[in-house]
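# Notes for the structure review
Read off the chains here:
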Amino acid sequence: MTVGDHAGTTRHLLSIDDLDRAGIERILDRAASFAEVAGREIKKVPALRGRTVVNLFYEASTRTSSSFELAAKRLSADVVSIRAATSSVTKGESLKDTIQTLTAYDPAAIVIRSPHAGAAQLVARWTDAAVVNAGDGKHEHPTQALLDVYTLRRRLGALDGARVWIVGDVLHSRVARSDILAFARMGAEVTVSGPPTLIPRGIEALGCKVAPTLDRLAEADVVYVLRMQHERMQEAYVPSLREYAACFQVNAARLQPHQLLMHPGPVNRGVELSADAIDSPQALIAQQVEAGVVVRMAVLYELLAGTGATGAAAEGAIETVAAA
Amino acid sequence: MSVRRLFHAPAPPAELLVREAHVVDPRSGLDAPGDVLVRDGAIAELGAPGALPVPGGAEIVEGAGLHLFPGFFDPHVHLRTPGQEHKETLATGTAAAAAGGYCGIVAMPNTAPVLDSAPLLGALREQAERDARVPVGFMPAITRGLAGDELTEMAELRDAGAVGFTDDGRPVVAAGMLRRALQYQRLCGGVLGLHEEDPSLSGHGVMHEGAVSARLGMAGIPSVSESTMVARDAALAAYEEGRVHFQHLSCVESVEALAAWKAAGAQVSGEASPHHLTLTDEAVRSLDSRFKMNPPLRTEADRQALIAGLRDGTIACIATDHAPHARHEKEVPFEEAPMGVTGLETAFPVLYTDLVLPGVLPLGLVVERMTAGAALLDLATPRIAVGEPANLALLDLAASWEVGARGYASKSANSCFEGRTLRGVVRLTVAAGGVVHRADAAVEALA
């Protein structure tokens, strides 16, 4: 994982670009070992005992915030979860002041979700804590991409040569950007498809192809469907959700039996996905949610274990996990 | 002719002999070492190196190894006064200009309140006569409140000293409104400076639309949002036989449109900024808000087109678009940050370091383009010639300095070149006959 401003001492996960293939695999292997913990009656390990993880969410989130919170708790960290609506942020406190205030509590990690690209980078500049990007604007959502790769790897063994189609509103999707990078890094061939108004000019530079229609969707091994937000219609990106569904909804008619189906949630039933597709055995949507906790445990562990006072305890903890 | 259009608090008339500096002024055919004598604030005599006798009462400036240029002129700066004095004042903005070798600058009207009436212009003149270290001209708004709906009282504003008119920061969205301004220009004169951007194309964009914006997931400002407006407004200017100046051009398509309309005989001119001439949208990958400005940094092809346009004269002058913002305003995520970067203190050193030293552009051409903005606005061009008022910039081109290491004369620090080591230290600036800037000993020690 990347080395931050304090070379060699503070590590962050700000972007999938912070990870090479080996780095991704190390996190996923660690997540797999934590998955065994998740199967126990007592789902905790003492890896981060006595350390503090701050979850700072400037945007509504259910699964990302709850899974980060659960991940930190299962590593025995003390967790502070702050939502913008309930904090002094609503009193006009700047991001910098908020971070400096939180840093005074000496957190080991700050997990941040922000509506603005680059917010996590800025936070990393202002704190000694390890920073995890839990989504910044339409830029990146690296832990989502890691749990997506984890879910696929469990099913496929490896992503090498797998053809992954990402379908929908790529323009406004941080998940799409992190996924394109992560899937490609793991050896998959990535194609994006969606209404031309919602495919950003220049997206090919991320390492994907662009398909103007779903005519060739049958080529895909994996169909990854993005959430289509209702406000895109008011903004005149698409003439109607009805037409969007007609052209780009993934449904039983379009989904082939050999294909795996993914979605970052929450799903708009009947818009980007039909009910029959969501409920089909090909859908990995529930597995993605399940993977969220163990992958985020692995990310926190990779960033924090071996640093700080509890480094040795953390190493001991993971041996316990491996032995279990 | 008699209306004054530049205002400042004059320094005492200089009495100087600059000895043996390499004097460069393409308009005067100068590109050789020589002596320049300034008496009573005017250039009194030019001579071979060491040839001029030391006159009584004159300060001797040893110029051997240094370069002497005509003082630079910037047709496009934001002095944030009135209303945003926490970003810049007339005093700090003109101090930054003096530190950058400028002998004249022109301030934009997007202040609070907007400069759109003669009484406000009168108040600014008085303030400039108190606080401005180098002469400042003002370009009031084309439309009241920059709202694009009604013309300002252009004739009265011209009589009160307006250099020209601009809604800079915003385009004149309605073609019909710009047409009225062009018609009114026949009555009152004054160039119309145009910030070209079709807001229906630029939308909520925060950077150039292209591969980098696709990677970062930030809304893009496509090149065509600028170039379609350049083409539209050049056509309007030609139709009304009016005169327009295109501000801060940023892309290939705009340079092509400008070249085509110039060739067709339209009275159109253009400027480019040092940051658009030396940086591209690759810099935005850092997500550093210091690289956020409007128009945005574009691609390498765009940068090359601007350089080619500057070289062949399609783009007649360099303008900084000096746009100071307070530290707390820029220390936010990129999308939240205001548009704009400072530029007065770095303009020449950046162009010298990145374009002259590598052999991309000749020194004389850069000096000419750094001074050409004055004539485009019907103001006197700074020249090194006997009888001219002394407007001079003395630079050590062998010395280097780190941008920001010793702070800035500007009140703001939002330089996109902060941390860069640049060649070219301004040792002395003379503006309108008076010494307005001297590099202190510590700066010289860096060399």
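Residues numbered from 1 in each chain as written. Chains lettered and ligands numbered in written order. Predicted model: local features only at pLDDT ≥ 70, side-chain atom pairs only at ≥ 80, totals over all residues.

## Here's the deal with the overall build of chain A
This is how the line gets drawn: Only DSSP runs of H or I covering at least 4 residues are called helices, and only runs of E covering at least 2 are called strands; the numbering of each starts at the N terminus. A residue is called partly exposed when the number of other C-beta atoms within 10 Å of its own lies between 12 and 20, exposed at 12 or fewer, and buried at 20 or more, with C-beta atoms placed from the backbone. Contact between two residues is assigned when their C-beta atoms, built from the backbone, lie within 7 Å.
In terms of regular secondary structure, chain A is built from 11 helices and 11 strands. Counting every position in chain A, which comprises 324 residues, the buried fraction comes to 49%. Partitioning the contacts of chain A with sequence separation of at least 6, the portion at a separation of at least 24 is 71%.

## Topic: the overall build of chain B
In terms of helices and strands, chain B carries 15 helices and 18 strands. Seen through its principal axes, chain B has C-alpha atoms that stretch 65 × 50 × 45 Å. Across the 447 residues in chain B, those meeting the buried criterion constitute 62%.

## Looking at the interface of chain B and chain A
Contact residues are listed per partner, giving 17 residues for chain B and 21 residues for chain A. When residues of the side of chain B that touches chain A are assigned to their parent elements, the largest contribution, five residues, is made by helix α6 (residues 211-216) of chain B.

## Concerning the sheet that holds strand β9 (residues 209-211) of chain A
All names here are of chain A. Stated precisely, the cut-off is as follows: Think of it this way: DSSP has to see at least two bridges between two strands before they count as a pair. Angles here are taken between N-to-C directions and fall from 0 to 180 degrees, while the axes themselves are lines fitted to C-alpha atoms, restricted in helices to the stretch in contact.
With parallel pairing, the five strands of this open sheet are ordered in space as β9-β8-β7-β10-β11. Every other strand in the sheet has two partners, leaving β9 and β11 (260-262) as the edge strands with one partner each. If you compare each strand with its neighbour and ignore which way they point, the axes differ by 25° on average. Across three bridges, the pairing between strand β8 (residues 189-193) and β9 is parallel. Note on β9: the bridge partner recorded for serine 193 is alanine 211.

## Observations concerning the nonpolar core
A general feature of soluble globular proteins is that nonpolar side chains tend to end up buried together. What counts, and what does not: Among buried residues, those of type Ala, Val, Leu, Ile, Met, Phe, Trp, Tyr and Cys that are joined through C-beta atoms within 7 Å form a set called a nonpolar core. Where each domain begins and ends is defined by an automated method or by a domain database.
Counting residues in each nonpolar core, the largest one holds 144 residues, and the members touching the most others are Val134, Val136 and Leu394 of chain B. Here this core gathers at least three residues from each of two domains, domain 1 (16-68 + 387-446) and domain 2 (71-376) of chain B. Residues Leu19, Ile199, Val293 and Leu304 of chain A belong to the second largest nonpolar core, which totals 103 residues.

## Side note on the domain arrangement of chain B
Accessible area lost when the parts come together is the quantity often used to give the size of an interface. All names here are of chain B. To keep things clear, this is the line we draw: Classification convention: Asp, Glu, Lys, Arg as charged; Ala, Val, Leu, Ile, Met, Phe, Trp, Tyr, Cys, Pro as nonpolar; all other residues, Gly among them, as polar.
Splitting chain B by domain gives domain 1 (16-68 + 387-446) and domain 2 (71-376). The distance between the C-alpha centroids of domain 1 and domain 2 comes to 26 Å. Taken together, the 31 residues of domain 1 in the interface contact 42 residues of domain 2. Counting only elements with at least two residues in the side of domain 1 that touches domain 2, the list comes to β16 (392-402), β17 (421-431) and β18 (434-438). Examining the composition of the side of domain 1 that touches domain 2, we find that seven residues originate from one element, β17, more than from any other. Along the lines of polarity and charge, the residues of the side of domain 1 that touches domain 2 split into 18 nonpolar, eight polar and five charged.

## Observations regarding the environment of leucine 361 of chain B
All names here are of chain B. Turning to its location among the elements, leucine 361 is positioned in the loop between α12 (347-356) and α13 (363-371). Residues leucine 361 and glycine 47, 314 residues apart in the sequence, show an inter-C-alpha distance of 28 Å. Leave out the neighbours within four places in its chain, and leucine 361 touches Ile307, Leu310, Arg311, Leu355, Val356 and Val366.

## Here we look at the domain arrangement of chain A
Residues and elements named next belong to chain A. Domain boundaries assigned for chain A yield domain 1 (2-141 + 292-315) and domain 2 (142-287). Placing the centre of domain 1 and that of domain 2 at their C-alpha centroids yields a distance of 26 Å. On the domain 2 side, the residues contacting the 24 residues of domain 1 number 20 residues. At the level of secondary structure, the elements contributing two or more residues to the side of domain 1 that touches domain 2 comprise α1 (21-38), β6 (130-136) and α10 (285-304). For the side of domain 1 that touches domain 2, the residue count by class is 10 nonpolar, seven polar and seven charged.

## Focus on the sheet that holds β6 of chain A
Residue and element names in this part refer to chain A. Taken in spatial order, the four strands line up as β4-β3-β5-β6 in an open sheet, and their pairing is parallel. The sheet is open, and its two borders are formed by β4 (78-83) and β6, each paired with just one other strand. With direction set aside, neighbouring strand axes in the sheet form an average angle of 15°. Sheet strands in contact with helix α4 (residues 119-126) are β5 (109-114) and β6, and its direction is about 160° off that of β6. Contacts from α10 reach β3 (52-57), β5 and β6, with the element oriented near 150° to β6.

## Topic: the packing of helix α5 (residues 142-156) of chain A against α10 of chain A
All names here are of chain A. The test is simple: Each helix crossing is assigned a hand: it is left-handed if the near helix lies turned anticlockwise from the far helix by less than a right angle, otherwise right-handed if that turn is clockwise.
Interhelical geometry of α5 versus α10 gives an angle of 115° and a closest axis separation of 8 Å. As α5 packs across α10, the resulting crossing turns out to be right-handed. Contact residues: α5 offers Thr143, Leu146, Leu147, Asp148, Tyr150 and Thr151, while α10 offers Gln287, Gln288, Ala291, Gly292, Val295, Arg296 and Val299. Residues that form the contact of α5 with α10 fall into these classes: six nonpolar, five polar and two charged.

## So, the pairing of strand β3 (residues 42-47) of chain B
Taken together, the five bridges between strand β2 (residues 30-39) of chain B and β3 of chain B define a ladder with antiparallel strand orientation. The partner of valine 36 of chain B across the bridge, within β3 of chain B, is leucine 46 of chain B.

## Description of the packing of α1 of chain A against α5 of chain A
All names here are of chain A. The following threshold applies: When describing relative orientation, an angle under 35 degrees is termed roughly parallel and one over 145 degrees roughly antiparallel, while 65 to 115 degrees is termed roughly perpendicular and anything else oblique.
Running from amino to carboxyl end, α1 crosses α5 at an angle of 70°, the nearest separation of the two axes being 10 Å. One way to sum up the angle between α1 and α5 is to call them roughly perpendicular. The interaxial crossing formed by α1 with α5 has right-handed handedness. Taken together, the residues of α5 that come into contact with α1 (itself represented by Ile24, Ile27, Leu28 and Ala31) are Leu146, Val149, Tyr150 and Arg153.

## Things to note about the pairing of strand β14 (residues 267-272) of chain B
Residue and element names in this part refer to chain B. Counting buried residues along β14, five of its six residues qualify, which places the element largely inside the surrounding structure. Two elements, strand β13 (residues 243-246) and β14, share four bridges in a ladder whose sense is parallel. The residue of β14 that forms the bridge with phenylalanine 246 is glycine 270. For β14 and strand β15 (residues 317-318), the ladder comprises two bridges, and the chain directions are parallel.

## Some thoughts on unusual backbone geometry
Residue and element names in this part refer to chain B. Following threonine 81, the chain continues to proline 82 via a peptide bond in cis, the omega torsion being 10°. Of note, proline 82 is situated in the loop between β6 (72-77) and α1 (90-99). That bond from alanine 112 to proline 113 is cis: its omega, 5°, falls within 30 degrees of zero. With respect to the helices and strands, the residue proline 113 is situated in the loop between β7 (102-107) and α2 (118-131). Of note, the phi angle at histidine 248 is positive, near 30°, even though the residue is not glycine. What makes histidine 248 buried here is the crowd of 24 C-beta atoms within 10 Å.

## Quick look at the confidence of the model for chain B
Residues and elements named next belong to chain B. In plain terms, the rule: Confidence scores here are pLDDT values: one per residue, from the predictor, ranging 0 to 100.
Looking at chain B, pLDDT values average 96 and 98% of them are 70 or higher. Low confidence marks residues 441-447, where pLDDT is under 50. Its contacts with residues over four positions away, or in another chain, come to 10 contacts. Here the prediction assigns the complex a pTM of 0.93, and the interface score ipTM is 0.88.

## Focus on the environment of glycine 169 of chain B
All names here are of chain B. Topologically, glycine 169 is positioned in the loop between β9 (164-166) and α4 (175-188). Along the sequence, glycine 169 and asparagine 294 sit 125 residues apart, while their C-alpha atoms lie 7.9 Å from each other. Ignoring sequence-local partners within four residues, the contact set of glycine 169 consists of Met108, Asn110, Leu146 and His195.

## Observations regarding α1 of chain A
Residues and elements named next belong to chain A. Put simply, the test is: Multiplying one less than the number of residues by 1.5 Å gives the expected span of a helix. For this quantity, the arc is that covered by the directions from the helix axis to the C-beta atoms.
With 18 residues, α1 extends 25 Å between its outermost C-alpha atoms, agreeing within 8% with the 26 Å of an ideal straight helix rising 1.5 Å per residue. Turning to α1, its buried residues number three or more, namely Ile24, Ile27, Leu28, Arg30, Ala31, Phe34 and Val37. The arc enclosing the buried residues of α1, seen along the axis, measures out at 165°, which places them on a common side. Opposite the buried face of α1, at more than 90 degrees from it, the exposed residues are Arg21 and Ala22.

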